[in-house]
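Coordinate inspection notes
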Amino acid sequence: MELDLRPLNLPSDNERPFVIAGPCSAETEEQVMSTARELARKGCHNFRAGVWKPRTKPGGFEGKGEEALGWMKQVKEETGMRITTEVAKPEHVELCLKYGIDILWIGARTSANPFAMQDLADSLRGVDIPVFVKNPVNPDLELWIGAMERINQAGIKRLAAIHRGFSSYDQKIYRNLPMWQIPMELHRRIPGLPLICDPSHIGGRRDLIAPLCQQAMDLGFDGLIIESHCNPDAAWSDAKQQVAPDVLDYILSLLVVRDEHSTTEGITLLRKQIDELDNDLMELLAKRMRVCREIGQYKKEHNMTVFQANRYNEILEKRGAQGSLMGMDAKFIAKVFEGVHEESVRQQMEIINK
Ligand code: PEP
Ligand code: MN
């Protein structure tokens with residue numbers, strides 16, 4: 001199914017991309033207004049703040065609700081910035097419309113839930129407002145597209161997708177794995193759909209914001225949504241990933257925005273995808289080695305030998321056959337697994353000889 005889209009006309013600031021900036025959460029009137037004023041002074045046109053916060057555990061700060069919408073309205077009146085917030089329930093949509101919110105976004109926990117998405121879509125029927133849909137927390141492109149189809153079928157034509165990374169149980173540098181190939185595939189499937197990157201929730205750390213913004217620009221993203229707080233260390237939610245408005249301004253000033261008409265764009269995008277896939281390969285290999293070391297520990301405790309010929313042959317045969325089915329030369333696959341196996345044995349020996 002195709003999405004029926006109308007252009008969003010995302011305005012960019014001079015040399016800069018389209019940016020939505022603002023705190024993770026609206027905490028107090030003072031915090032909202034002073035962050036907004038600083039951002040407006042730095043030339044920002046779109047202000048974000050979470051009014052209802054989906055928290056992993058009960059007892060955290062769950063947002064100020066309607067009171068905070070009043071502060072958002074004040075931001076719009078005083079600075080002229082467009083105001084955006086997250087909606088998760090039909091009641092939220094209704095209140096946002098009452099307070100003149102300009103753009104709604106749907107969070108990653110909500111877009112993973114088709115019941116919630118349908119309720120939101122029904123509440124948006126007959127309303128003309130841009131809606132940005134974050135990817136679901138799990139790496140499921142169909143679920144993401146399905147969420148946007150529901151909103152689109154309710155008549156919302158000004159849509160955008162926000163890439164905020166995907167959660168994983170493994171230890172990693174990112175709070176949420178970027179898995180860039182997923183938004184790139186979305187772009188291939190629905191070329192007219194604007195893609196916005198959320199480096200704050202992908203990175204989870206201040207020092208990752210700049211490189212992630214640049215990566216998004218290199219991949220041809222249409223804009224960014226970045227968390228910025230007047231006093232990041234004191235933020236009531238996501239403190240580690242928020243940057244002060246002047247730091248955000250500095251990050252944006254260093255961004256190299258690619259010329260999308262450049263003839264090398266195609267190859268650059270493909271090379272970026274290769275880099276990303278190689279990175280995934282490295283992470284998978286490291287994960288495999290970790291498991292091997294655990295096996296090494298087990299073998300040590302149970303007095304078993306490291307090299308077990310049947311197991312090795314089983315792996316080579318199984319992967320060789322799989323390789324042929326996947327259109328790869330069986331000899332090549334054998335070579336790859338020989339190398340992987342050699343390193344796995346070396347890692348196990350290290351554990352056993354410790
Ligand atoms: C947010 O933008 O503050 C937020 C809660 O994001 P996500 O839905 O991506 O976790
Ligand atoms: Mn946040």
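Calculation notes
- Residues numbered from 1 in each chain as written.
- Chains lettered and ligands numbered in written order.
- Predicted model: local features only at pLDDT ≥ 70, side-chain atom pairs only at ≥ 80, totals over all residues.
- Heavy atoms only, no water.
- Donors = N, O, S within 2.8 Å, 3.2 Å for Na, K, Ca; no water.
- Helix = DSSP H or I, 4+ residues; strand = E, 2+ residues; numbered from the N terminus.
- Buried < 20%, exposed > 50% of the residue type's maximum accessible area, 1.4 Å probe, protein only.
- Near = heavy atom within 4 Å.
- Polar contact = N/O pair within 3.5 Å; in protein donor to acceptor, adjacent residues only side chain to side chain.
- Areas by Shrake-Rupley, 256 points an atom, 1.4 Å probe, with all protein chains shown as cover.
- Nonpolar A, V, L, I, M, F, W, Y, C, P; charged D, E, K, R; others polar.
- Domains from an automatic or database assignment.
- Buried area = accessible area lost by both parts, 1.4 Å probe.
- Salt bridge = Lys/Arg side-chain N within 4 Å of Asp/Glu carboxyl O.

Once that is clear, we can look at the coordination of the manganese ion (ligand 2). Donor atoms from the polypeptide that coordinate the manganese ion (ligand 2) comprise Cys24 (SG), His201 (NE2), Glu227 (OE) and Asp238 (OD), at 2.1 to 2.4 Å from the metal. Of note, the manganese ion (ligand 2) draws all its donor residues from one chain, in the sequence arrangement C-x176-H-x25-E-x10-D. Pair noted here: glutamate 227 is in strand β8 (residues 223-227) and aspartate 238 is in the loop between β8 and α10 (245-254), with a separation of 11 residues, a long-range link. With a relative accessible area of 0%, glutamate 227 lands in the buried category.

Attention now moves to the site of ligand 1. Close to ligand 1 lie Cys24, Arg48, Lys53, Glu86, Trp105, Gly107, Ala108, Arg109, Lys134, Arg164, His201 and Glu227. Residue lysine 134 places a side-chain N or O atom 2.8 Å away from an oxygen atom belonging to ligand 1. For ligand 1, an oxygen atom lies 3.2 Å from a polar atom in the side chain of glutamate 227. Burial of ligand 1 by the surrounding chains reaches 97%, relative to a free accessible area of 300 Å². Of the residues that constitute the shell around ligand 1, the class distribution is 3 nonpolar, 2 polar and 7 charged.

This part covers the domain arrangement of the chain. Many authors give the size of an interface as the accessible area that is lost as the parts come together. One can read the domain layout of the chain as domain 1 (18-253) and domain 2 (267-352). Between domain 1 and domain 2, the C-alpha centre-to-centre distance is 38 Å. Summed over both sides, the interface of domain 1 with domain 2 buries roughly 840 Å², with 55% coming from carbon and sulfur. Seen at the junction of domain 1 and domain 2, the total is 1 salt bridge. As a salt-bridge pair, aspartate 218 and lysine 272 come within 3.6 Å of each other at their nearest N and O atoms. Our count for the domain 1 to domain 2 interface comes out at 3 residue pairs in polar contact (both at pLDDT 80 or more). Of all the secondary-structure elements, those providing two or more residues to the side of domain 1 that touches domain 2 are α7 (181-189) and α9 (209-218). Of the residues that constitute the side of domain 1 that touches domain 2, the class distribution is 5 nonpolar, 3 polar and 2 charged.

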